[in-house]
Amino acid sequence: MNARRPTRQVTIGDARVGFVKIGGGKPDASGRATEPAPVSVQTMTTGYTYDIDACVAEINRLTAAGADVVRVAVPEKKDTEALKRIIPQVRVPIVADVHFHFQRALEAIEAGVHKIRLNPGNISDRAQVTDVIQACKARGLPIRVGVNEGSIIERKDKERRLKELGAFFSDNRRGYLLAIMITKLEEYLDVFYEQDFYDVVISAKSMDPVTVIEAYTEISKRFDHPLHLGVTHAGPKETGCIRSVVALGTLLAGGIGDTIRISYASDAVYEVEDGLELVYSLGLRERKGVELIACPTCGRIQVDLISLVQDVRKKLSAEVALPIKVAVMGCIVNGPGEAEGADVAVFAGDRRGIIYVQGERVANVPEEQILDRLLIECKQFEARVQRGEARLGEKKVDIVPPDPIGALGSGWEKMAAEKLRAGGEDGGTGVALTVGRS
Ligand code: SF4
């Protein structure tokens with residue numbers, strides 16, 4: 001992991017919805033260097049903004065899922081009108097995504113929105129952009145400038161510049177595209193700088209993950225504004241996840257990126273969940289809620305682990321707030337080593353689940369009771385942590401010898417138990433293992 005790239009810092013929000021800082025690390029107006037803010041996770045509503053009740057319900061659902069900032073589209077006046085009634089009902093900073101008409105931006109600002117997103121490909125008139133900048137400046141609102149691949153166009157008088165810039169990039173098509181993005185940004189930001197306005201976040205999304213990596217890498221060398229990362233039109237969750245994580249993970253691991261949006265053609269809650277998991281996995285945010293480890297299953301499995309893992313994920317994310325590490329393992333062969341460091345673990349076998357809390361065996365229940373019992377154990381453990389009686393990640397007990405081998409079923413279970421008894425398989429894990437029927 002590279003250190004975060006220092007940027008200016010931008011703040012979104014107000015006292016009622018809370019403040020979200022984006023970027024940081026460079027000296028602020030008073031000359032003091034700001035700490036880079038944790039990488040924030042954004043998403044966008046999928047419904048019509050003018051459908052007020054549905055929009056509020058969707059924003060609140062996305063907020064409950066963990067979104068730090070929510071964007072809404074405001075293509076028409078009825079959308080910006082709706083914002084006046086939506087914003088007082090939500091508890092998260094709202095960004096108005098303005099396409100085509102600068103008046104929508106002015107109306108959204110009047111309605112109390114917390115940030116504006118402008119697209120240089122669609123709103124380029126200098127006087128109009130200046131009006132929006134001045135309105136944001138008067139209210140202390142930041143602006144995101146998004147030069148997405150789909151909305152920028154070729155300009156003949158830029159050919160020499162494009163060619164020069166294109167030499168920086170890996171191939172002609174990408175080089176050309178990226179050159180346009182950078183040229184657009186330079187032109188557009190000149191208008192902002194002329195107005196002495198620097199509360200700008202930049203995005204340069206493409207549907208091609210490699211273009212995204214190259215574009216943001218180049219932009220990070222040329223501009224000191226915070227960067228909003230994203231792969232646009234990434235597709236459904238099943239494939240969009242890979243496209244987004246490849247690009248955003250590469251950039252974030254390289255220290256580039258201050259806020260992210262993962263885009264899927266599906267429920268936006270998935271965007272939030274996957275965005276959070278990405279920043280947690282890279283250690284860029286302190287985890288909220290359970291960290292789930294689960295085996296991928298194989299021919300040794302003896303319970304319906306795939307359904308169990310899904311149920312455990314849903315239950316625990318809804319009911320456990322602390323970042324407890326929970327392991328759900330299909331058998332005793334590789335389970336103990338792979339569950340190392342888990343606070344709570346369940347090992348399945350022979351249609352039963354054996355549950356451990358920090359190495360201590362606490363239950364051995366039939367398959368149909370695993371979910372409920374695991375939830376009870378997690379909540380009790382959470383309560384102990386909150387009372388200061390236990391600590392997350394603390395290892396208490398080393399390996400517990402298996403039950404008598406004669407009580408075990410199939411041959412591989414006996415072999416695994418023998419290995420464990422010989423003392424070589426636990427790898428020092430704090431999660432103990434016992435196998436057998438009871
Ligand atoms: S823990 Fe057991 S069931 Fe799960 S993948 Fe590993 S060997 Fe297979």
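Residues numbered from 1 in each chain as written. Predicted model: local features only at pLDDT ≥ 70, side-chain atom pairs only at ≥ 80, totals over all residues. Heavy atoms only, no water.

S.K.: I'm lost on the overall build of the protein in this one. Help?
M.R.: When its secondary structure is counted, the protein shows 13 helices and 15 strands. The buried share of the protein, reckoned over its 438 residues, is 52%. For the protein, contacts bridging at least 24 residues in sequence account for 66% of all contacts bridging at least 6. When the accessible area of the protein is evaluated, it comes to approximately 19200 Å², of which 51% is carbon and sulfur surface. (Helix = DSSP H or I, 4+ residues; strand = E, 2+ residues; numbered from the N terminus. Buried < 20%, exposed > 50% of the residue type's maximum accessible area, 1.4 Å probe, protein only. Contact = heavy atoms within 4.5 Å. Areas by Shrake-Rupley, 256 points an atom, 1.4 Å probe, with all protein chains shown as cover.)

S.K.: Would you mind showing me how to read the packing of aromatic side chains here?
M.R.: Two aromatic rings are characterised by how far apart their centres lie and by the angle between their planes. Applying the stated criterion across every chain, the model contains five aromatic pairs. Ring centres of Y48 and Y50 lie 5.2 Å apart, and the angle between their planes is 10°; on these two criteria the pair is classed as stacked. Owing to a relative accessible area of 59%, Y48 belongs among the exposed residues under this scheme. Note on Y188 and F192: the rings are 5.6 Å apart at their centroids and 45° apart in plane angle, and the pair reads as tilted. A residue pair is termed a helical-turn pair when its members lie 3 or 4 positions apart in one helix, as Y188 and F192 do in helix 6 (residues 172-194) at four residues. F192 carries the same exposure label as Y188, and that label is buried. One aromatic cluster is present, formed by Y188, F192 and F197 through successive ring pairs. (Phe/Tyr/Trp six-rings, centres within 6.5 Å; stacked < 30°, edge-to-face > 60°.)

S.K.: Please explain the pattern of salt bridges as it appears in this structure.
M.R.: Close approach of charged atoms allows side chains of opposite charge to pair. With the rule as written, the count across this model stands at 27 salt bridges. Linking R8 and D224 is a salt bridge whose minimum nitrogen-to-oxygen distance equals 3.0 Å. One end of the pair, R8, is in the segment before strand 1 (9-14); the other, D224, is in the loop between helix 7 (209-222) and strand 9 (228-229), with 216 residues separating them in the sequence. Of the charged contacts, one joins E110 and R139 as a salt bridge, the two residues approaching to 2.9 Å between their closest N and O atoms. Here E110, found in helix 3 (residues 102-111), pairs with R139, found in helix 4 (residues 126-139); they are 29 residues apart in sequence, far enough to count as distant. Exposure remark for R139: the relative accessible area of 44% places this residue in the partly exposed category. (Salt bridge = Lys/Arg side-chain N within 4 Å of Asp/Glu carboxyl O.)

S.K.: Would you take a moment to explain the layout of surface pockets for this structure?
M.R.: Using a probe with the size of a water molecule, rolled over the atoms, empty space left in the structure can be pinpointed. The computed volume of the largest pocket comes to approximately 980 Å³. E273, E277, V290, R313 and S317 are, among the 28 residues lining the largest pocket, the residues nearest its centre. Those elements that place two or more of their residues in the lining of the largest pocket are helix 1 (52-65), helix 9 (268-281), strand 11 (291-294) and helix 10 (305-319). The leading source of residues in the lining of the largest pocket is helix 10, at eight residues. A class-by-class count of the residues in the lining of the largest pocket yields twelve nonpolar, four polar and twelve charged. Shared between two domains, the lining of the largest pocket takes at least three residues from each, and those domains are domain 1 (9-281) and domain 2 (291-422). Considering only enclosed or pocket space, the second largest pocket measures out at about 620 Å³ in volume. Every residue lining the second largest pocket is counted, 32 residues in all, and those nearest its centre are M44, R71, D97, H99 and R261. Going through the elements one at a time, strand 4 (69-73) and helix 2 (77-86) are the ones with two or more residues in the lining of the second largest pocket. (1 Å grid on protein atoms, 1.4 Å probe; cavity = no way out; pocket = protein on both sides within 12 Å on 5 of 7 lines; lining within 4 Å. Points joined across faces, edges and corners; volume = space filled by probe spheres on them. Nonpolar A, V, L, I, M, F, W, Y, C, P; charged D, E, K, R; others polar. Domains from an automatic or database assignment.)

S.K.: I'm lost on the side chain of T43 in this one. Help?
M.R.: Here T43 shows up in strand 3 (residues 40-44). Given a relative accessible area of 0%, T43 falls into the buried group. In this view, T43 contacts L62, A67, V69, V70, R71, R261, A268, E271 and V272; residues no more than four positions away in its chain are not counted.

S.K.: Please explain helix 2 as it appears in this structure.
M.R.: Quick reminder: α-helices carry 3.6 residues per turn. Residues three or four places apart thus point the same way. Listed in full, the buried residues belonging to helix 2 are D79, T80, A82, L83 and I86. Looking straight down helix 2, one finds that the buried residues subtend no more than 155° of arc, so they occupy a single side. For helix 2, the elements touching its buried residues are helix 1, strand 4, strand 5 (94-97) and helix 3. (Arc of directions from axis to C-beta.)

S.K.: What am I meant to see in the pairing of strand 7 (residues 143-146) here?
M.R.: For a regular strand, the rule is simple: side chains alternate between the two faces of the sheet. Burial along strand 7 is two-sided: the face carrying I143 and V145 and the face carrying R144 and G146 are both buried. Summarising the sheet, strand 6 (residues 115-118) and strand 7 pair through three bridges and their orientation is parallel. Within strand 7, the position partnered with I116 by the bridge is I143. Once the chain exits strand 6 it traverses helix 4 before rejoining the sheet at strand 7, and the crossover so formed is right-handed. (Pairing = 2+ DSSP bridges. Right-handed = clockwise from strand over helix to strand, strands pointing away.)

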